[in-house]
Amino acid sequence: MKRILLFVLTNIAVMVVVGLISSLFGLGRYTGTNTTQLMVFSLVVGFSGSIVSLLMSKTMAKMSMGVQIINEPRNADEAWIVDTVRRLADKAGIQMPEVGIYEGEPNAFATGAFKNSALVAVSTGLLRGMTREEIEAVLGHEMAHVANGDMVTMALIQGVMNTFVVFASRVIGSLVDGFLRRGNDSSGPGIGYYVTTVVLDILFGFLAGIVVAWFSRQREFRADRGSAQLMGQPNSMIAALARLGGMHAEGQHMPQNLQAMGIVGNIGKLFASHPPMEERIAALRAYKG
């Protein structure tokens, strides 16, 4: 809750500064827009989608991935997974999350709006392809995500980026529209506003995606270190990452909104939610604890 409040207050403060600058330079006069109303509109549009997605994240993950929650362990492996997550949760200082298993390629993920009521799930591919020590390290990685409040952080960062995309595209759209309609007394936005806004929504959305992906990659390094701390050494996590690299697990069977929450994610330079395996392994080898 403190993290949510901090991010919301930070975003509001930034928008207030933008509003003051807009007023000082008479931006509203040049664009023909009410910048205060536009800022409020941008905040609502920017945050509503990311907050709703965050609040529904556990439900959507269970439905989209077919996660089977382990309420009562049916075998020794399920009992071991539940006991391991409980022990890691105690070490991390958080409440026991829901634990689940789903059919799929080697991967695992954590999600949930609150760190004391999260969901941690592992795939059958991960369970079949790794040793228990490696699986424990992966679970430690996911528990570090939960303890760090990474799901909330990513949702709020996405909300901040969305807010500025909406605000900037509409301000620039108004400027372009005003320039194209010089001498035209007709009221209301013209075609220049709509075309410019759509184009800039797409362009700025891509740029915002780069920023969000960069934050996601930094978060993965921190979760790797968190796993090393929970395990008491980095070697188990290094072995788990090396094993995953050999399995070529790239999260291609995981929905896009969950890829950033998995132990492995999509490939692709600037838009990658996860750093390359070799970089993560190198960072862990340099980690002193």
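A short tour of the structure in this document, coming up. What you see is a predicted model, and the numbers here were worked out from it, not measured in a lab.

1. Digging into the packing of aromatic side chains
Part 1 of the argument: Going through the model one piece at a time under the given rule, you end up with four aromatic pairs.
Part 2 of the argument: When the ring of Y193 is compared with that of Y194, the centres are 5.4 Å apart and the planes differ by 80 degrees; the resulting orientation is edge-to-face.
Part 3 of the argument: Judged by its relative accessible area of 46%, Y194 is partly exposed.

2. Notes on the environment of R217
Part 1 of the argument: Turning to its location among the elements, R217 is positioned in helix α9 (residues 191–231).
Part 2 of the argument: When the C-alpha positions of R217 and L270 are compared, they lie 10.0 Å apart, and in sequence the two are 53 residues distant.
Part 3 of the argument: Discounting residues that sit within four places of it in the chain, R217 has contacts with K269, L270, F271, A272, S273, H274 and P275.
Part 4 of the argument: Of the polar contacts made by the side chain of R217, one reaches the backbone oxygen of A272; its length is 2.9 Å.

3. With respect to the sheet that holds strand β4 (residues 119–123)
Part 1 of the argument: Read across the sheet, four strands follow the order β1-β2-β4-β3 without closing on themselves; strand pairing throughout is mixed. Each having just a single partner strand, β1 (68–69) and β3 (108–111) make up the two edges of the open sheet.
Part 2 of the argument: Where β1 and strand β2 (residues 98–102) come together, two bridges link them in antiparallel fashion. For Q68, the partnering residue across the bridge sits in β2 and is I101.
Part 3 of the argument: In the packing of helix α4 (residues 57–65) onto the sheet, the strands contacted are β1, β2, β3 and β4, and the crossing angle to β3 comes to about 150 degrees.

Procedures and definitions
- Residues numbered from 1 in each chain as written.
- Predicted model: local features only at pLDDT ≥ 70, side-chain atom pairs only at ≥ 80, totals over all residues.
- Heavy atoms only, no water.
- Phe/Tyr/Trp six-rings, centres within 6.5 Å; stacked < 30°, edge-to-face > 60°.
- Buried < 20%, exposed > 50% of the residue type's maximum accessible area, 1.4 Å probe, protein only.
- Helix = DSSP H or I, 4+ residues; strand = E, 2+ residues; numbered from the N terminus.
- Contact = heavy atoms within 4.5 Å.
- Polar contact = N/O pair within 3.5 Å; in protein donor to acceptor, adjacent residues only side chain to side chain.
- Pairing = 2+ DSSP bridges.
- Axes fitted to C-alpha atoms, helices over the stretch in contact; angles between N-to-C directions.

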